[in-house]
Amino acid sequence: MISKARKIIEDITREAVVGEVYMGTVKRVEKFGAFVELPGGKSGLVHISEVANKFVEDINEHLKVNDEVEVKVLSVGDDGKISLSIKQAQKPKRERREKREQSPEDFEKKLSMFLKDSEERMSTIKRQAESRRGGKGR
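The paragraphs below set out a description of the structure included in this document. (Residues numbered from 1 in each chain as written. Predicted model: local features only at pLDDT ≥ 70, side-chain atom pairs only at ≥ 80, totals over all residues. Heavy atoms only, no water.)

## Examining a nonpolar patch on the surface
The condition is simple: Like-charged residues are merged into a patch within 9 Å and nonpolar side chains (Val, Leu, Ile, Met, Phe, Trp, Tyr) within 5 Å, provided each residue has over 30% relative accessible area and no salt bridge. Accessible surface is estimated by sampling points in the Shrake-Rupley manner with a 1.4 Å probe; for residues, cover comes only from the protein chains shown. Every case where a carboxyl oxygen of Asp or Glu lies within 4 Å of a side-chain nitrogen of Lys or Arg is listed as a salt bridge. Segments assigned H or I by DSSP are reported as helices when at least four residues long, segments assigned E as strands when at least two residues long, and all are numbered from the N terminus.
The grouping of F107, L111, F114 and L115 at the surface amounts to a nonpolar patch, some 390 Å² of accessible area in total. Its place among the elements puts L111 in helix α3 (residues 104-133).

This is the structure in structure tokens:
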């Protein structure tokens, strides 16, 4: 019970830190982006260009009011305005997962398979070129 209360107090007093990732709630959606409430009640803007890794024509196809989203703090202005990104919040997870999944043995195996495949393709290309020229001796 005390730890739950401590977490609530920490969330309320927490300042948005540039580079950190937070869970937030979409409070308002506009043509140019969405306003997301962070822990502690502060809000920031996710510009439409920071919603997804592809071109977003209509933000309403991606976000709705009260959606829970993971956001990364890009900047905090002198005036207190917070700039957020949904797409950048997801990159570190993917990178960590990829690093975890690929061990040195996996790399060696992939490299070996690549070299074998390359050699097979090169020998096929050489055979085709020689047959067009009429063999090696000409």
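## Some points on the pattern of salt bridges
Side chains that differ in charge, positive against negative, can pair when their charged atoms come close. Worth spelling out the cut-off: Only protein chains enter the calculation, and the probe is 1.4 Å; a residue is then buried if its accessible area is under 20% of its type maximum, exposed if over 50%, and partly exposed in between.
Under the criterion given, the structure shown has 2 salt bridges. Among the ionic pairs, R28 bridges to E30, the shortest N-O distance being 2.9 Å. The exposure class of R28 is partly exposed, given its relative accessible area of 42%. Between D117 and R121 there is a salt bridge, with its nearest N and O atoms 3.0 Å apart. On the criterion of helical spacing, the pair formed by D117 and R121 is a turn pair, its members being 4 residues apart in helix α3.

## Considering the sheet that holds strand β1 (residues 21-30)
Selection rule: The criterion for strand pairing is that DSSP finds at least two bridges linking the strands in question. Axes here mean lines fitted to C-alpha atoms, for a helix over just the part in contact, with angles spanning 0 to 180 degrees between N-to-C directions.
Spatially, β1-β2-β3-β5-β4 is the arrangement adopted by the 5 strands of the closed barrel, whose pairing is mixed. Taking the axes of each pair of neighbouring strands and ignoring which way they run, one obtains an average angle of 50° across the sheet. With 5 bridges connecting them, β1 and strand β2 (residues 33-37) associate as antiparallel partners. Note on β2: the bridge partner recorded for V26 is V36.

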